[in-house]
2 protein chains.
Amino acid sequence: MSEEKAKEWSARQKFARFLEEHKKRKTPERFVILEKIFSSQAHVGVDTLYKQLLADGYRVSRATVYNTLDLLVEAGLVRRVTLGDGMTRYERVSGSMNHHHLICTRCGKVKEVKAVSTVAELLPKKPRSFEPAYYTLYIYGMCSSCARREQMMRTGIAEKSK
Amino acid sequence: MSEEKAKEWSARQKFARFLEEHKKRKTPERFVILEKIFSSQAHVGVDTLYKQLLADGYRVSRATVYNTLDLLVEAGLVRRVTLGDGMTRYERVSGSMNHHHLICTRCGKVKEVKAVSTVAELLPKKPRSFEPAYYTLYIYGMCSSCARREQMMRTGIAEKSK
DNA sequence: TTTACTGCAAATATTTTGCAATATC
DNA sequence: GATATTGCAAAATATTTGCAGTAAA
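Residues numbered from 1 in each chain as written. Chains lettered and ligands numbered in written order. Predicted model: local features only at pLDDT ≥ 70, side-chain atom pairs only at ≥ 80, totals over all residues. Heavy atoms only, no water.

Undergrad: Whenever I open this one, the pairing of strand S6 (residues 130–143) of chain A confuses me. Can you help?
TA: Two faces make up the sheet, and in a regular strand the side chains alternate between them. Where burial is concerned, most of S6(A) is hidden: eleven out of the 14 residues are buried. Pairing geometry for strand S4 (residues 99–104) of chain A and S6(A), over four bridges, is parallel. Bridging from a neighbouring strand, His101(A) pairs with Tyr138(A) of S6(A). Bridge analysis of S6(A) against strand S6 (residues 130–143) of chain B gives 13 bridges, and the strand direction is antiparallel. When the sheet's bridge partners are listed, Thr136(A) is paired in S6(B) with Tyr138(B). (Buried < 20%, exposed > 50% of the residue type's maximum accessible area, 1.4 Å probe, protein only. Helix = DSSP H or I, 4+ residues; strand = E, 2+ residues; numbered from the N terminus. Pairing = 2+ DSSP bridges.)

Structure representation (structure tokens):
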């Protein structure tokens, strides 16, 4: 946990530097939101985040949450995760250990697997006029339970059309 | 172009088979929407698609467009592309040549680069209980124009704080 | 003191849903 | 003919915006 704390701490510093460099103000709300995101490994939606903050006794508005998340994304500390249900989620960009998302196109269930690839590996020829920072990889397919169901359905039809 | 036609044609067949297998009806609307997506290489939003269809003289509703797109995704013919602005886009899953998306975290501009990796390459150990079909890879970073602007800003601040 | 930022509420934008009419099987 | 699917409009969600008050610099 001490390593976690260290990571959060350096994220704080990075954010502070980012705000300074962009002549933006270091408001308490911004750092509270940063902390909240970095205190979890998972990806959270705006509404969840907002309600958590309220539950923790903070008095922030949704607008500020949206606002701050944009800044955190711009600062490269946080990443948007869009899983296809109409809701944007956010997760911290962990310095080292990344993960991919496996999404079932049938039931929408999301599974995460450890990533092994770096951006450089994915882009053999680094494109000119673009400096990559991080990535999100969504792999779509079918989870085993849906595949099973699918199989049964096909078989059922095959029998019927006999 | 004849190759394109052939691709669209086989997509039609695949979709027809999919509909049959799932006991769904082969309505004209469904095939018109399929054609519209396959007639373009780019990713289109629902609203754009809807308006194009109207402009072409078809009388379809937004609900049907959403509905059909879900089916096309389920059939594995079309892929959802979510770039972080709150709007889902769709593009055809081209059999062979894929592409990655480079997204500028500053200005949101999207560039596409040819993909070289297959799903298998990205997932060395195929996860049990999941059958991958296709993927979308979003690489975030900064485009050259934003990077330049950023550089100027930093320099400007450095001078000021002297 | 200046003005960027906040909370609040209203406005937009996007997607889903209910239902009667229609067209596929 | 039975019923899945459609168009339409209203509802549900998600996000953005305008504005007056507050607080960071």
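Undergrad: It is not clear to me how the protein's contact with DNA strand C should be interpreted in this structure. Could you clarify?
TA: If you check the shell around DNA strand C, you find 19 residues, and the closest are Arg25(A), Arg59(A), Val60(A), Thr64(A) and Tyr66(B). Of everything in DNA strand C that lies within 4 Å of the protein, sugar and phosphate atoms constitute 73%. A distance of 3.1 Å separates a phosphate oxygen of DNA strand C from a polar side-chain atom of Thr27(A). Taking Arg59(A), its main chain carries an N or O atom lying 2.7 Å from a phosphate oxygen of DNA strand C. Of all elements in the fold, only helix H2 (28–38) and helix H4 (62–74) of chain A together with helix H4 (62–74) of chain B reach the threshold of two or more residues within the surface near DNA strand C. Among the residues making up the surface near DNA strand C, the classes are represented as six nonpolar, six polar and seven charged. (Near = heavy atom within 4 Å. Polar contact = N/O pair within 3.5 Å; in protein donor to acceptor, adjacent residues only side chain to side chain. Nonpolar A, V, L, I, M, F, W, Y, C, P; charged D, E, K, R; others polar.)

Undergrad: Looking at this structure, I do not really get the sheet that holds strand S2 (residues 78–82) of chain B. What am I missing?
TA: Strands belonging to one sheet form pairs held by backbone hydrogen bonds; the direction of such a pair is parallel or antiparallel. Residue and element names in this part refer to chain B. Pairing is antiparallel in the open sheet, where three strands are placed in the order S1-S3-S2. The sheet is open, and its two borders are formed by strand S1 (44–45) and S2, each paired with just one other strand. Pairing of S1 with strand S3 (residues 88–92) involves two bridges; the strand directions are antiparallel. Its bridge partner being in S3, glycine 45 is matched across the sheet by arginine 89. Sitting on the sheet, helix H2 (residues 28–38) touches S2 and S3, and the angle it makes with S3 is about 80 degrees. Each of S2 and S3 is contacted by H4, which is oriented at about 110 degrees to S2, the strand it contacts most. (Contact = heavy atoms within 4.5 Å. Axes fitted to C-alpha atoms, helices over the stretch in contact; angles between N-to-C directions.)

Undergrad: Is there a simple way to think about the domain arrangement of chain A in this case?
TA: Often, the extent of an interface is quoted as the loss of accessible area upon association of its parts. All names here are of chain A. For chain A, the assigned domains are domain 1 (1–93) and domain 2 (96–162). Listed per partner, the contact involves eleven residues of domain 1 and ten residues of domain 2. For the pair domain 1 and domain 2, the two sides together bury roughly 810 Å², of which 51% comes from carbon and sulfur. In this assembly, domain 1 and domain 2 are joined by zero salt bridges. Across the contact surface, domain 1 and domain 2 share four residue pairs in polar contact (both at pLDDT 80 or more). The dominant element in the side of domain 1 that touches domain 2, judged by the number of residues it contributes, is strand S2 (residues 78–82), at five residues. (Domains from an automatic or database assignment. Buried area = accessible area lost by both parts, 1.4 Å probe. Salt bridge = Lys/Arg side-chain N within 4 Å of Asp/Glu carboxyl O.)

Undergrad: What is the right way to look at the relation of the copies chain A and chain B in this model?
TA: Relating the two copies of this chain is a rotation about some axis coupled with a shift parallel to it. Under the fitted operation, chain A is carried onto chain B by 0.0 Å of movement along the axis and a turn of 180 degrees, and the coordinates agree to an RMSD of 0.2 Å. Here the copies are linked by what is in effect a two-fold axis. Within chain A, Leu137(A) has its C-alpha nearest the rotation axis, a separation of 2.3 Å. Comparing interface residues between copies, 96% of those in chain A also sit at the interface in chain B, which points to an isologous, same-surface contact. (Least-squares fit on C-alpha atoms with pLDDT ≥ 70 in both.)

Undergrad: Please clarify how the pairing of S4(A) should be interpreted in this entry.
TA: Residues and elements named next belong to chain A. Where burial is concerned, most of S4 is hidden: six out of the six residues are buried. Burial along S4 is two-sided: His99, His101 and Ile103 facing one way and His100, Leu102 and Cys104 facing the other are all buried. Examined bridge by bridge, S4 and strand S5 (residues 110–114) share five bridges and lie antiparallel to one another. The partner of isoleucine 103 across the bridge, within S5, is valine 110.

Undergrad: It is not clear to me how the protein's contact with DNA strand D should be interpreted in this structure. Could you clarify?
TA: Within the structure, DNA strand D sits among 19 residues, and Tyr66(A), Arg25(B), Arg59(B), Val60(B) and Thr64(B) are positioned closest to it. Those atoms of DNA strand D that come within 4 Å of the protein belong to sugar or phosphate at a rate of 73%. Take Lys26(A): an N or O atom from its main chain is 3.1 Å from a phosphate oxygen of DNA strand D. With respect to DNA strand D, the side chain of Thr88(A) contributes an N or O atom lying 2.9 Å from a phosphate oxygen. Here the element with the most residues in the surface near DNA strand D is H4(B); it accounts for three residues. Classifying every residue of the surface near DNA strand D by side-chain character gives six nonpolar, six polar and seven charged.

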